[in-house]
Amino acid sequence: MIITLIRIFIIFIPLGFALRVSQPYRVVGKEGEVALHCSFIPKSRLEEMQVSLYKGLRGQEKICSVFVNLSEPYFTTDGTVNCRGNISSGRVDMIITGLRGEDTDLYRCEIEILFPPPYLRGVGNGTVVYIQETPNCPTASTLSQSQSQKQTSERESVKNDVGPLPLLYAILIITSCSFILQMIICKWRAPSSMAPMLSQKESYMKF
């Protein structure tokens, strides 16, 4: 009988000393970052706590959880989604980073008082965290760089398209000049070669 009473006493003590945690109704994040605070009323001077953040209407997904010794009230966690912040009297202030638009959801704070006794636990009513998507709008520098790259590519394409033409023109010019030069040389050589023949013909006629 005594053991049964002790068990009931142990089980229902945490329920009798439940911790009330309150949160803002809605916060808006920007560039993947949002600030969230959770308030509670401490019944004594606290030394050790466990702070956790859950995502979802029923808190199915744990985002972060950290043990905090209040002699050093600052905390940080590692992961794809990072939680950092500090604990002051009756308040947990945290900044959540690494969020995306698809992470918009209900977030709940869970606060556990580990020391001094008694053990207390409370879960907040939840905060709707809205994460704004960052629009992929091009800036002036991006537009200038894009136009410069486009002009360069157009010059390269034109150069590749008309690349053989200057070579063909050069070959035609050289061939034409060579042909004209040969014609001039032939015309110049023709009278010179006929002069001895005419002199021989004149000498024959004299005889």
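Scroll up for the structure.
Residues numbered from 1 in each chain as written. Predicted model: local features only at pLDDT ≥ 70, side-chain atom pairs only at ≥ 80, totals over all residues. Heavy atoms only, no water.

Draft legend 1. Just the nonpolar core, in detail. Ranked by internal contacts, the top residues of the largest apolar core, which has 30 residues, are Phe40, Met49, Leu53, Val92, Ile96 and Ile111. Sorting the residues of this core by element identifies strand 3 (33–40), strand 4 (48–55), strand 5 (61–69), strand 7 (82–88), strand 8 (91–97), strand 9 (105–115) and strand 11 (127–131) as the ones contributing at least two each. Setting aside residues up to four positions removed in sequence, Val92 forms contacts with Leu36, His37, Cys38, Phe40, Met49, Val51, Phe75, Asn86, Ile87 and Ile111. (Core = buried A, V, L, I, M, F, W, Y, C linked by side-chain atoms within 4.5 Å. Buried < 20%, exposed > 50% of the residue type's maximum accessible area, 1.4 Å probe, protein only. Helix = DSSP H or I, 4+ residues; strand = E, 2+ residues; numbered from the N terminus. Contact = heavy atoms within 4.5 Å.)

Draft legend 2. Seen up close, the pairing of strand 3. Burial of the side chains of strand 3 is restricted to one face: Val34, Leu36, Cys38 and Phe40 are buried, whereas none of Glu33, Ala35, His37 and Ser39 on the reverse face is. Pairing of strand 1 (residues 21–22) with strand 3 involves 2 bridges; the strand directions are antiparallel. Bridge pairing links Ser22 to Ser39 in strand 3. Bridge count for strand 3 against strand 8 is 7 bridges, and the pairing is antiparallel. The partner of His37 across the bridge, within strand 8, is Asp93. (Pairing = 2+ DSSP bridges.)

Draft legend 3. Looking closely at the pairing of strand 5. Both strand 4 and strand 5 contribute to a ladder of 8 bridges, which runs antiparallel. Bridging from a neighbouring strand, Gln50 pairs with Phe67 of strand 5. What sits between strand 4 and strand 5 in their antiparallel hairpin is a turn of 5 residues, with Gly56 showing a positive phi close to 115°.

Draft legend 4. Quick peek at a nonpolar patch on the surface. A surface patch of nonpolar side chains, about 350 Å² in accessible area, is lined by Phe67, Leu114, Phe115 and Tyr119. Relative to the helices and strands, Leu114 is located in strand 9. Residue Leu114 is classed as partly exposed on the basis of its relative accessible area of 33%. (Patch = residues over 30% accessible without salt bridge, like charges linked within 9 Å, V, L, I, M, F, W, Y side chains within 5 Å. Areas by Shrake-Rupley, 256 points an atom, 1.4 Å probe, with all protein chains shown as cover. Salt bridge = Lys/Arg side-chain N within 4 Å of Asp/Glu carboxyl O.)

Draft legend 5. Summary view of the pattern of salt bridges. According to the stated counting rule, one finds 4 salt bridges in the structure shown. The closest approach of N and O atoms between Arg100 and Glu102, which form a salt bridge, is 2.7 Å.

Draft legend 6. Up close: the state of the cysteines. Across all of its chains, the model carries 2 disulfides by this definition. Note that Cys38 is cross-linked by a disulfide to Cys109, the S-S spacing being 1.6 Å. Of the two residues, Cys38 is situated in strand 3 and Cys109 in strand 9; the sequence distance between them amounts to 71 residues. For Cys38, a relative accessible area of 1% puts it in the buried group. With a sulfur-sulfur separation of 2.2 Å, Cys64 is cross-linked through a disulfide to Cys83. Taking the sign of the S-S torsion, about -90° here, the bridge from Cys64 to Cys83 comes out left-handed. (Disulfide = S-S within 2.5 Å.)

Draft legend 7. Broad picture of the side chain of Thr127. Note on placement: Thr127 falls in strand 11. Polar contacts involving the side chain of Thr127 include one to the side chain of Gln23, which spans 2.9 Å. Residues in contact with Thr127, not counting those within four places in the same chain, are Gln23, Pro24, Tyr25, Arg26, Val27, Leu36, Asp105, Leu106 and Tyr107. (Polar contact = N/O pair within 3.5 Å; in protein donor to acceptor, adjacent residues only side chain to side chain.)

Draft legend 8. Representation of the environment of Asp78 within the structure. Here Asp78 lies in the loop between strand 6 (74–76) and strand 7. According to the relative accessible area criterion, Asp78 is exposed, its value standing at 76%. The spatial distance from the C-alpha of Asp78 to the C-alpha of Cys64 is 8.5 Å, given a sequence separation of 14 residues.

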